[in-house]
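# Fold and contact review
Spelled out, the chains give:
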Protein chains: 2
Amino acid sequence: MSTNSDEAANYSSSKYRTPDGAPADIVIFTITSTPRRTTKKSLPNRKLEVLLIQRKGWPFEGQWALPGGFSKETETLLDSAKRELEEETGVKDIHIEYFNAYSTPGRDPRGWIISHAYFALVHEQYLASRRADDDAADVRLFSVDEAMGMDLAFDHHAILADALQQIQSKMLTTTIARQFLPEAFTIGELYQVIQAVVPSFEERNFIRKITSTQSRKGIIEEVLGRNGERLQSNQYSQRAAQLYRFTDSVPRLSIYS
Amino acid sequence: MSTNSDEAANYSSSKYRTPDGAPADIVIFTITSTPRRTTKKSLPNRKLEVLLIQRKGWPFEGQWALPGGFSKETETLLDSAKRELEEETGVKDIHIEYFNAYSTPGRDPRGWIISHAYFALVHEQYLASRRADDDAADVRLFSVDEAMGMDLAFDHHAILADALQQIQSKMLTTTIARQFLPEAFTIGELYQVIQAVVPSFEERNFIRKITSTQSRKGIIEEVLGRNGERLQSNQYSQRAAQLYRFTDSVPRLSIYS
DNA sequence: ACAATAGTGTCTGTCAGACAATATTGC
DNA sequence: GCAATATTGTCTGACAGACACTATTGT
């Protein structure tokens, strides 16, 4: 009876056509804040942005594309995506999530290449250095609206569209909003983050629902100081606002109950 | 300036290690009904089952595994998965959905093989022929509980576990229950299907919530005959029950509203 | 009559949605 | 005082959750 390695050697001698690569592409989202021009303290304008790179070589030379790179045999796709993310942004240990694979024949002129798409959520402070060298760079943040209107390389337009749908859905059904916020935040900030990702979101009694509705009360909690006093912030307003943090509770949703 | 094909030819001469295949594996779920032994009409027992095949050759010869097969350069992964699904079950045009990729190095002794996992939901009537030749077959339905306790080939245990989590989540947040039900069904049947997939689901006032709660009323509707009379069924009960069908409305859930 | 499922009555406390009103405080 | 945001008051109709109760009909 033959050993495994014999069989493997035997197997690999087959002449099936095999893929020419398995890259991971990453849709890196961030929310940028720009102060409003008012005489009083006010909430900043927040905008959902996505990081694109300008391609240097064939194919699609000069066009903007999602950052990505070929994965290696010795790593998982997630490792590959994380590596790429760190190369582009300099940060690691960031929320990153797989969402789809793209395999339409001919999608990549280099050959049979199935791309694996991740999205990552990065706090804007981590991208501060990037934003300094802004105009002439080959790595830039674009507003999502703008990016959706561009002629991106490969099928990256479709990938971006899918990623956007993902993040919008997850923004409303999970607590990923925390990825764009500091540990302690005000209700106003949270509301803005949700609206930056899902512009159609509107909830008149937001503060009331999230703080005093029994069924939703669990997802955030008041931040208390060491003496049990409630910590507040007046960073964005004259009147100080209560600070909250996300709890560890995982919301469960159902259309049937 | 060189043409694209020149560049492609030039590019493909690179000697990067490339994957040895990109298979699609499919977790095929169905819900089987077995009549209860009662003297009166009664609802059947429903059980969530998954289709497994017994491997014929190296590697993992003799072990049970998820059905799957290598995709080709000329098809998308979805096409490949659909083809495989039809080969195993004889049915097509069935709900099939991508949910993850598996790329841990060494997961497949045949080489560097990234597997793409789909789940499919098949109405039990389509698998009726399979169930005839039951015991000695190399293709069989297992209850999910049983399958989760087996030593499956490759990392198929993890894939199955992920698929189960997916389908449970989607059962409660989307209308995939329709895939396991006839066009017109009773509330009792719907309740059973949900419970077959999510055993912990329990909703005392189920009929009331789903039929008369304003916010949920849209997802199913009464089935009416040609004269506007309400159609009922007494297949499973002495007292006839109103028939319902799913509407086309897509439920939107949010933890913030 | 009875088993098995289908569906309604009723009650209490909570929530949703709308909008007005008040609170706070740097400028 | 004013602007800008934060937070509470108040009201009505709808819903949630619990449980008891009635309805239907083949066997």
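No experiment lies behind these values; they were computed from the predicted model shown.

Right, let's talk about the interface of chain B and chain A for a bit. If you look at the interface, chain B gives 52 residues, while chain A gives 52 residues. Approximately 4300 Å² of surface area, both sides summed, lies buried where chain B meets chain A, with 65% of it carried by carbon and sulfur atoms. For chain B, the biggest contributors to the area lost against chain A are Trp-58, Ile-255 and Tyr-256 of chain B; these three give 21% of the whole. With its nearest N and O atoms 2.9 Å apart, the salt bridge here joins Glu-73 of chain A to Arg-17 of chain B.

As a further point, take the confidence of the model for chain A. Residue and element names in this part refer to chain A. Here chain A shows a mean pLDDT of 88. Residues at 70 or above account for 89%. Of all helices and strands in chain A, the one with the weakest mean pLDDT is helix H1 (residues 4–12) (52), whereas strand S5 (residues 95–102) scores best (98). Across residues 132–136, where pLDDT falls below 50, the model places two contacts with residues more than four positions away in sequence or in other chains.

Residue and element names in this part refer to chain A. Each assigned domain of chain A is listed here: domain 1 (23–173) and domain 2 (176–246). Distance between the C-alpha centres of domain 1 and domain 2: 27 Å. Contact with domain 1, which involves 19 residues of that partner, is made by 20 residues of domain 2. Of the roughly 2000 Å² buried at the junction of domain 1 and domain 2 (both faces included), carbon and sulfur atoms supply 68%. Considering only the surface of domain 1 that becomes buried against domain 2, Lys-41, Arg-46 and Met-171 emerge as the three largest contributors, covering 35% of it. If you look at where domain 1 meets domain 2, you find one salt bridge. Taken together, the links from domain 1 to domain 2 amount to four residue pairs in polar contact (both at pLDDT 80 or more).

Conventions used here
- Residues numbered from 1 in each chain as written.
- Chains lettered and ligands numbered in written order.
- Predicted model: local features only at pLDDT ≥ 70, side-chain atom pairs only at ≥ 80, totals over all residues.
- Heavy atoms only, no water.
- Contact = heavy atoms within 4.5 Å.
- Buried area = accessible area lost by both parts, 1.4 Å probe.
- Salt bridge = Lys/Arg side-chain N within 4 Å of Asp/Glu carboxyl O.
- pLDDT = per-residue confidence, 0-100.
- Helix = DSSP H or I, 4+ residues; strand = E, 2+ residues; numbered from the N terminus.
- Domains from an automatic or database assignment.
- Polar contact = N/O pair within 3.5 Å; in protein donor to acceptor, adjacent residues only side chain to side chain.

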